[in-house]
Amino acid sequence: MQDHSIPRAAMMGAASGVLLMAFFSTAWASLAISALNGWGNAFLSPLVWLTGIIQLIAGIYLLVLARRFPVATAEQQAQGRNMGKWYGIIFGLEGVFIGIASAICNISGHAEILIPIIVLIVGLHFYPFARIFNRRIDYWLASWTCLVALVALFAVPATPITSGGMTIDMQWLVCGLGAAIATWIYSVYGFREGMRMLRFNKQRQVEVTLPS
């Protein structure tokens, strides 16, 4: 029986995704906390960092498990290189567009709307990933992130609001929390995919070793 196990590179990709989301989710959640201007720092900041550490541990765990996976075949390596090429192109374009948006906002004197525009660019850049990696979840979370950005841009005041002696940067709060939710979900999805691939390979090993 021919072995069609999932290659090591696929598990490495899942692990890298979880590790990357650990960084971005912590960054976005920290932005949301900063929007509260000191309120809740005593318990919200440790919670965010704890969540990031858990994601970090999960990503490292997947990296360790990846050692049990077989090396990719020539066909799988070619497919992986193609995915990696397009990933790099899309990720690079995201950085370019964020740079352009930042320059335009600063030159035009509208730096206050830069954060929701960045969130919109982040959301848009996930759409092609759905096709590149054949993942339906990218469509859902890309749409969610874009919706968060549009709500923040057109329905939330760009200037801080004060209520009950508390000042809140609502736009930052909406953008930070919305983007953090998306990256948290991505992280959970990536870890579950890694465990699914592990179970699949274990089953394949059993099938391959069974006498025909």
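Going by the structure above, here's the rest.
This write-up is about the structure you can find in this document. (Residues numbered from 1 in each chain as written. Predicted model: local features only at pLDDT ≥ 70, side-chain atom pairs only at ≥ 80, totals over all residues. Heavy atoms only, no water.)

The next point concerns the packing of helix α3 (residues 74-108) against helix α4 (residues 114-125). Axis separation between α3 and α4 bottoms out at 10 Å; the angle between their running directions is 160°. With respect to α4, the axis of α3 lies roughly antiparallel. The hand of the α3/α4 crossing is right-handed. Residues Ile90, Phe91, Glu94, Phe97, Ile98, Ala101, Ser102 and Cys105 of α3 lie in contact with α4, whose contacting residues are Leu114, Ile117, Ile118, Ile121, Val122 and His125. Residue composition of the contact of α3 with α4, grouped by class: 11 nonpolar, 2 polar and 1 charged. (Axes fitted to C-alpha atoms, helices over the stretch in contact; angles between N-to-C directions. Helix = DSSP H or I, 4+ residues; strand = E, 2+ residues; numbered from the N terminus. Parallel < 35°, antiparallel > 145°, perpendicular 65-115°, else oblique. Left-handed = near helix turned anticlockwise from the far one by under 90°. Contact = heavy atoms within 4.5 Å. Nonpolar A, V, L, I, M, F, W, Y, C, P; charged D, E, K, R; others polar.)

Helix length check: α3 (35 residues) gives 51 Å between terminal C-alpha atoms against 51 Å at 1.5 Å per residue, within 8%. Tucked into the core, α3 has its buried residues touching α4 and α5 (127-132). Note on α3: the residue one or two positions beyond its end, Gly109, has a positive phi of about 80°. (Expected span 1.5 Å × (residues − 1).)

It is worth spelling out the packing of α4 against helix α6 (residues 137-154) at this point. Helices that pack against each other are described as a pair by the angle of their axes relative to one another and the distance between those axes. One way to put it is that α4 packs onto α6 with a least axis distance of 8 Å and a crossing angle of 160°. In terms of orientation, α4 and α6 fall into the roughly antiparallel class. Crossing geometry of α4 relative to α6 is assigned as left-handed. Counting all contacts with α4, which are made through Pro116, Ile117, Val119, Leu120, Gly123 and Leu124, the residues of α6 involved are Ala142, Thr145, Cys146, Ala149, Leu150, Ala152 and Leu153. A class-by-class count of the residues in the contact of α4 with α6 yields 11 nonpolar, 2 polar and no charged.

Let's shift gears to a nonpolar patch on the surface. A cluster of nonpolar side chains, contributed by Trp86, Ile89, Leu93, Val96, Phe97, Ile100 and Ile104, occupies part of the molecular surface with about 630 Å² of accessible area. Here Val96 lies in helix α3. Relative accessible area serves as the criterion here: at 45%, Val96 is assigned to the partly exposed category. (Patch = residues over 30% accessible without salt bridge, like charges linked within 9 Å, V, L, I, M, F, W, Y side chains within 5 Å. Areas by Shrake-Rupley, 256 points an atom, 1.4 Å probe, with all protein chains shown as cover. Salt bridge = Lys/Arg side-chain N within 4 Å of Asp/Glu carboxyl O. Buried < 20%, exposed > 50% of the residue type's maximum accessible area, 1.4 Å probe, protein only.)

The biggest cluster of nonpolar side chains holds 27 residues, and the ones touching the most others in it are Trp28, Phe126 and Tyr186. Looking at this core, the elements that each hand over two or more residues are α1 (8-34), α3, α4, α6 and α7 (170-209). The greatest single-element share of this core, amounting to 7 residues, is contributed by α4. In this view, Tyr186 contacts Met21, Phe126, Arg135, Ile137, Asp138 and Leu141; residues no more than four positions away in its chain are not counted. (Core = buried A, V, L, I, M, F, W, Y, C linked by side-chain atoms within 4.5 Å.)

So, on to unusual backbone geometry. The backbone of Asn37 sits at a positive phi, close to 50°, despite the residue not being glycine. Not every positive phi belongs to a glycine, and Asn134 is a case in point at roughly 55°. Overall, Asn134 belongs to the exposed group, its relative accessible area being 70%.

Quick look at helix α2 (residues 41-65) now. Between its first and last C-alpha atoms α2 spans 36 Å; for 25 residues at 1.5 Å apiece the expected length is 36 Å, and the two agree. When α2 is considered as a whole, its buried residues turn out to be Val48, Gly52, Gln55, Ala58, Gly59, Leu62 and Leu65.

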